[in-house]
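Residue-level structure breakdown
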Amino acid sequence: MSLSTRDKSIIWHPFTQEKTAPEVVAIKRAAGAYIYDENNKAYLDLISSWWVNIHGHAHAEIAHSIYEQALTLEHVIFAGFTHEPAVHLCEELQTVLPSKLSKFFFSDNGSTAVEVALKMAYQYWRNLGFPEKTIFLSFEGGYHGDTFGAMSVGAKSGFHDHFKDLFFKVLSIPYPETWDDDEAIEEKEAHAIGVLQGYLDQYHNELAGIILEPLIQGASGMRICRPSFIKKVISLMRQNNILVIFDEIMTGFGRTGSYFAFQQLDSIPDFLCISKGITGGFLPLALTITSPGIYNTFLDDDFKSAFAHGHSYTANPLACRAAITSLDLLKRSLCQKAIKNIHHMHNEGIQSLKTNCLLVEKTRILGTIAAFDLKISKTLMPVIKKRFLEEGLLLRPLMNTVYLLPPYCIAKKELEGVYEKMIKIINELDL
Ligand SMILES: *Cc1c(COP(=O)(O)O)cnc(C)c1O
């Protein structure tokens, strides 16, 4: 029996309508930018395996560091105990972060990193004696994970509608997404700021914090906005004493060109949530990073003001070790050069898509991410996706948006080939 058949009889997949979904692809092995199925067919992983991979698959240096760590210390309880990989990882991250962000709280995935930030922000105000500050702000289209707190702040992402009666109160700000040659951006931004200003006036004493994906919303379609807009929002937050949470779960670790997207803004958040690329895509791990100022409000002789939150696998040593090695690789000039080259190749590729495909619109590029929309019926998107796979391209369009988010090890030739193949496949539709 094939692996796909055995899978079908026993496994329930994430984000999948199991009744109508095409047969799953069974992957046997992976190397560099490629994954290989049961029949040894190669797929170029252009979505970095759900945005987690950065240096390529089965990277030998990361693999060896995990192996060595496993022979020394595989896991230990993290309350009351610590270990070298956890401390060392946070010290290393400090070297690429502003000094204000110097208190690190571990969890296991993006959603939990967001839960931790929301809970800390909420409890911060309680610890200070402002229990009326209970409302969060977020953006329409913002996606922050699938647990209840994360869903509440992502209520307008379109992913969680079944559960909305169970959410806590969140005020949602319109998101002024933009693209190349967008002529209405000033208007969209002014509208968003107007709505935000209205919330500030009406709920002034109840606002606890704002959460956002800086510079680009991932899951709702690689939607970018202008840095100047985010700066304006953050300065309004500062004036009104509202805590700022940056969800950099997708944008962290070089994705947008800098180590973190917020480094392209002049603002430092109160909480930074990171996960996905942190271990180079090997193991689940997440961090919520905050300032000593916030940390200090949880200090007291009484346990009551402590942060009573933790997960069984908190700060798993294997994951921490993978993350240390991955960060070391990221800092090397080879990798920094690769990130710049991908950006450059996207510029050329997107230009040639625009010239050669009439169906392409709303092109946009940010660091190593390129995206565009297709002017076709939504029902044709699964057809396109299937054609991409047949041609050996692992792409996973979001609604009508096709995006490329490759591992940094992808070769120039490979990425050029991707653009050529995409043009061919898209133009087949145009006939
Ligand atoms: C993926 C993602 C999350 C959720 O992370 P998980 O590890 O899937 O729980 C949260 N926020 C953003 C911006 C993401 O891209």
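This text gives an overview of the structure that appears in the document. (Residues numbered from 1 in each chain as written. Predicted model: local features only at pLDDT ≥ 70, side-chain atom pairs only at ≥ 80, totals over all residues. Heavy atoms only, no water.)

Examining the environment of Ile294
Tracing the backbone shows Ile294 in helix 9 (residues 292–296). Not counting residues within four places of it along the chain, the set of residues in contact with Ile294 comprises Tyr124, Leu243, Asp270 and Phe271. (Helix = DSSP H or I, 4+ residues; strand = E, 2+ residues; numbered from the N terminus. Contact = heavy atoms within 4.5 Å.)

Structural notes on the site of the ligand
Residues in close proximity to the ligand include Trp51, Asn109, Gly110, Ser111, Tyr143, His144, Gly145, Glu213, Asp247, Ile249, Met250 and Lys276, which together make up its full environment. Interatomic distance of 2.8 Å between a backbone N/O atom of Gly110 and an oxygen atom of the ligand. Within the side chain of Ser111, one N or O atom sits 2.6 Å away from an oxygen atom of the ligand. For the ligand, whose unbound accessible area comes to 380 Å², protein coverage reaches 84%. (Near = heavy atom within 4 Å. Polar contact = N/O pair within 3.5 Å; in protein donor to acceptor, adjacent residues only side chain to side chain. Areas by Shrake-Rupley, 256 points an atom, 1.4 Å probe, with all protein chains shown as cover.)

Considerations on the sheet that holds strand 7 (residues 207–212)
Overall, mixed pairing links the 7 strands, which are arranged 4-12-11-10-7-5-6 in an open sheet. The sheet is open, and its two borders are formed by strand 4 (103–107) and strand 6 (170–173), each paired with just one other strand. Looking at each pair of strands side by side, their axes are set apart by 20° on average, direction ignored. With 5 bridges joining them, strand 4 and strand 12 (residues 286–290) adopt antiparallel strand pairing. Across the sheet, residue Phe105 finds its bridge partner in strand 12, namely Thr288. (Pairing = 2+ DSSP bridges. Axes fitted to C-alpha atoms, helices over the stretch in contact; angles between N-to-C directions.)

Describing the environment of Ala60
Looking at where Ala60 falls in the secondary structure, it is placed in helix 3 (residues 60–72). Sequence spacing of Ala60 and Ile11 is 49 residues, and the spatial spacing of their C-alpha atoms is 30 Å.

Points about the sheet that holds strand 16 (residues 401–404)
Taken together, the 3 strands give an open sheet; going across it, the order is 13-14-16, and neighbouring strands pair in antiparallel fashion. Edge positions in the sheet fall to strand 13 (360–366) and strand 16, since each has one partner strand and no second. Across the sheet, the mean angle separating the axes of adjacent strands is 15° when strand polarity is ignored. Sheet analysis places strand 14 (residues 369–374) next to strand 16, joined by 4 bridges and oriented antiparallel.

Considering the packing of helix 11 (residues 333–356) against helix 13 (residues 412–429)
At a closest axis distance of 10 Å, the pairing of helix 11 and helix 13 adopts a crossing angle of 20°. What the angle tells us is that helix 11 and helix 13 run roughly parallel. With respect to the hand of their crossing, helix 11 and helix 13 are arranged in right-handed fashion. Only Lys412, Leu415, Tyr419, Met422, Ile423, Ile426 and Asn427 of helix 13 make contact with helix 11, whose side of the interface consists of Ile342, Met345, His346, Gly349, Ile350, Ser352, Leu353 and Asn356. Class assignment for the residues of the contact of helix 11 with helix 13 results in 9 nonpolar, 5 polar and 1 charged. (Parallel < 35°, antiparallel > 145°, perpendicular 65-115°, else oblique. Left-handed = near helix turned anticlockwise from the far one by under 90°. Nonpolar A, V, L, I, M, F, W, Y, C, P; charged D, E, K, R; others polar.)

Focus: the pattern of salt bridges
Here the structure, examined in full by the defined rule, presents 19 salt bridges. With a closest N to O distance of 3.4 Å, Asp270 and Lys100 form a salt bridge. Of this pair, Asp270 sits in the loop between strand 10 (243–247) and strand 11 (271–274) while Lys100 sits in the loop between helix 4 (84–94) and strand 4, and the two are 170 residues apart along the sequence. Take Asp270: its relative accessible area is 8%, and that puts it in the buried class. When its relative accessible area of 29% is taken as the criterion, Lys100 is described as partly exposed. A network of salt bridges, in which partner residues are shared, links Lys386, Arg387, Glu390, Glu391, Lys424 and Glu428. (Salt bridge = Lys/Arg side-chain N within 4 Å of Asp/Glu carboxyl O. Buried < 20%, exposed > 50% of the residue type's maximum accessible area, 1.4 Å probe, protein only.)

Quick word on helix 5 (residues 110–127)
With 18 residues, helix 5 extends 25 Å from end C-alpha to end C-alpha; this agrees with the ideal 26 Å at 1.5 Å per step. Where burial is concerned, most of helix 5 is hidden: 14 out of the 18 residues are buried. Structurally, the start of helix 5 carries an N-cap: the backbone nitrogen of Ser111 is 3.0 Å from a side-chain oxygen of Asn109. (Expected span 1.5 Å × (residues − 1).)

Some words on the nonpolar core
In this structure, Leu137, Met237, Leu353, Leu374, Met422 and Ile426 are the most contacted members of the largest nonpolar core, which totals 105 residues. Residues contacting Ile426, with those up to four places away along its chain left out, are Leu353, Cys357, Leu359, Val360, Phe372, Leu374 and Ile384. Trp125, Phe136, Ile211 and Cys273 belong to the second-largest nonpolar core, a separate cluster that totals 23 residues. (Core = buried A, V, L, I, M, F, W, Y, C linked by side-chain atoms within 4.5 Å.)

Quick notes on the packing of aromatic side chains
Throughout the structure, instances matching the rule amount to 18 aromatic pairs. Geometrically, the ring pair formed by Phe15 and Trp50 is edge-to-face, given 6.2 Å between the ring centres and 80° between the ring planes. Here Phe15, found in the loop between helix 1 (3–10) and strand 1 (27–31), pairs with Trp50, found in helix 2 (residues 48–51); they are 35 residues apart in sequence, far enough to count as distant. Since its relative accessible area comes to 37%, Trp50 is described here as partly exposed. Ring geometry for Phe260 and Phe262: centres 6.3 Å apart, planes at 20°, overall stacked. Of the two residues, Phe260 and Phe262, neither departs from the other in class, the shared state being buried. (Phe/Tyr/Trp six-rings, centres within 6.5 Å; stacked < 30°, edge-to-face > 60°.)

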